[in-house]
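Structural overview for review
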Amino acid sequence: MINFPTDILAIENRIRQIDPVKYSNTRNHKDGAVTHLSPYISRGVISTRQVYQHIQTLDLPWHKTEKLIQELAWRDYWQQVWIAKKEGIRQDLKNIQTPISNYQIPKAILHANTGIEEIDIAIKHLYTLGYMHNHMRMYVASICCNIANSHWLEPAKWMYSHLLDGDLASNFLSWQWVSGAFSNKKYYANQNNINNFFNSTQQNTFLDVEYSAFENLDIPEILKETVPFEFDMKLPDTGNPKLEKKKTTLIYNYYNIDPYWHKDQEVQRIFLLEPSFFAKNPVNQKCINFAIQLTKNIEDIKMFVGEFSKLTEFVDPDHIIFKEHPCNRYYQGKEVPREWMSSITGFYPSFFSFWKKCKKEL
Ligand SMILES: Cc1cc2nc3c(=O)[nH]c(=O)nc-3n(C[C@H](O)[C@H](O)[C@H](O)COP(=O)(O)OP(=O)(O)OC[C@H]3O[C@@H](n4cnc5c(N)ncnc54)[C@H](O)[C@@H]3O)c2cc1C
């Protein structure tokens, strides 16, 4: 079973294990050769550029690596949408999702008892592992939004809260894509599709229908009971670390745990966990622990649990440096850029218009 080590050498080793050819032939399958790198990209430990540069060293023809590079570009694309739309990613961006029967989550999804064996197994794995296969994320989102007619936001928050790779842009915008709020067509998958890609043989489930039946499908009994997303999240209680007010200070956070950032320089390093951010975007203890473990790759980093405004009482903003990211627009100090795979920035209404431009550079 897959695991997610936090030591930087193990993470770099995982990059070296990428097989772009096998990836493109198998990525949609349960046991496909996917990279399992997303928790490290989401937490800002490695960048899409770094993965892309490794792929280039393999000296493979473009057509054999294109699929994986394209998936990496999806990551950058959603980030650019987030930068452009800001908090707007929490709302239906292109179309209003319809029909909606509730703004909650089907209880059967939360309790992993939809009756669809592979879905239920995958949700239990999500709870224990903090990971779910991309195709399975699409199935789960489709069941919530397009079969149970739940608005995408609450189930998206639920999934985000359990993923080690939780990334608000990839998450919310993918949910919008599945539900038709960021695409012109809802995504459906039937039981046959799940059986094909997830090696099962189940029949007679609520998804065991022809595609033509989906538009007018009644909400199955098992999905009718819905519950709100409620999460009581606790951040570690560390007390205030000893800080130097006038020392050059690098701010790390849930989206930036880059161990090579100004490595070997004599600076103050702070891992900032802001209660207001996590109150709005809660994650489970496993996710917080994972992030904290990742900071162990950074020497002498100190954890500060509190708001940025509180931190500035201890460190002068003139001495603060932070990486550009939509979740920390309000930081004060010097903002420096993140690493991207290409130089293409800005909002593109569709991934393929963005990809067309990226491709020219890659
Ligand atoms: C409903 C839904 C919710 C999602 N929520 C998240 C999330 O919270 N965080 C997150 O990182 N990804 C999310 N994704 C995207 C995708 O499922 C994961 O990035 C991918 O499954 C991660 O596994 P991997 O690293 O093995 O991916 P691989 O298939 O090995 O892909 C390599 C890398 O490409 C990028 N990538 C691949 N597929 C996508 C995609 N569809 N969208 C954006 N980037 C992609 C990721 O950075 C990934 O690490 C979501 C997708 C869906 C459909």
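Residues numbered from 1 in each chain as written. Predicted model: local features only at pLDDT ≥ 70, side-chain atom pairs only at ≥ 80, totals over all residues. Heavy atoms only, no water.

**A closer look at the UniProt feature "domain: Cryptochrome/DNA photolyase FAD-binding" (unreviewed entry) in the protein**
The UniProt record annotates "domain: Cryptochrome/DNA photolyase FAD-binding" (unreviewed entry) at residues 69-208. Secondary structure across residues 69-208 comprises 56% helix and 1% strand; the distance between its end C-alpha atoms is 34 Å. (UniProt positions renumbered as here; feature names shortened; annotations may be inferred. Helix = DSSP H or I, 4+ residues; strand = E, 2+ residues; numbered from the N terminus.)

**A few points about the UniProt feature "binding site: FAD" (unreviewed entry) in the protein**
As annotated in UniProt, the feature "binding site: FAD" (unreviewed entry) corresponds to Tyr23, Asp165, Gly166 and Asp167 in the numbering used here. Relative to the elements of secondary structure, Tyr23 occurs in helix H2 (residues 20-26). Not counting chain neighbours up to four residues away, the residues in contact with Tyr23 comprise Ala33, Val34, Thr35, Lys67, Leu68 and Glu71. Residue placement: Asp165 occurs in the loop between helix H9 (153-162) and helix H10 (168-179). Overall, the relative accessible area of 6% leaves Asp165 in the buried class. (Contact = heavy atoms within 4.5 Å. Buried < 20%, exposed > 50% of the residue type's maximum accessible area, 1.4 Å probe, protein only.)

**Topic: the packing of helix H7 (residues 117-129) against helix H8 (residues 134-147)**
Two measures define how a pair of helices packs: the angle their axes make with one another and the distance between the axes. Interhelical geometry of H7 versus H8 gives an angle of 110° and a closest axis separation of 11 Å. Classified by the interaxial angle, the pair formed by H7 and H8 is roughly perpendicular. From H7, Glu118, Ile119 and Ala122 reach across to H8, where they touch Met136, Tyr139, Val140 and Ile143. Across the contact of H7 with H8, the residue classes break down as six nonpolar, no polar and one charged. (Axes fitted to C-alpha atoms, helices over the stretch in contact; angles between N-to-C directions. Parallel < 35°, antiparallel > 145°, perpendicular 65-115°, else oblique. Nonpolar A, V, L, I, M, F, W, Y, C, P; charged D, E, K, R; others polar.)

**Focus on helix H16 (residues 351-361)**
All of the buried residues along H16 are Phe351, Phe354, Trp355 and Cys358. What you see down the axis of H16 is that its buried residues fit within an arc of 95°, all on one side. Seen from the buried face of H16, the exposed residues on the opposite side, beyond 90 degrees, are Lys356 and Lys360. Buried-residue contacts for H16 involve helix H5 (62-85). (Arc of directions from axis to C-beta.)

**Regarding the nonpolar core**
Across soluble globular proteins, nonpolar side chains have a tendency to be buried as a group. Core analysis: the largest hydrophobic core is formed by 103 residues, its most contacted members being Tyr40, Ile46, Tyr77, Ile119, Val140, Trp158 and Phe278. If we ignore the near neighbours within four places in the chain, the residues touching Ile46 are Ile11, Ile15, Leu37, Tyr40, Ile41 and Val51. Membership of the second largest hydrophobic core comes to eleven residues, among which are Leu243, Phe308, Ile320 and Phe322. (Core = buried A, V, L, I, M, F, W, Y, C linked by side-chain atoms within 4.5 Å.)

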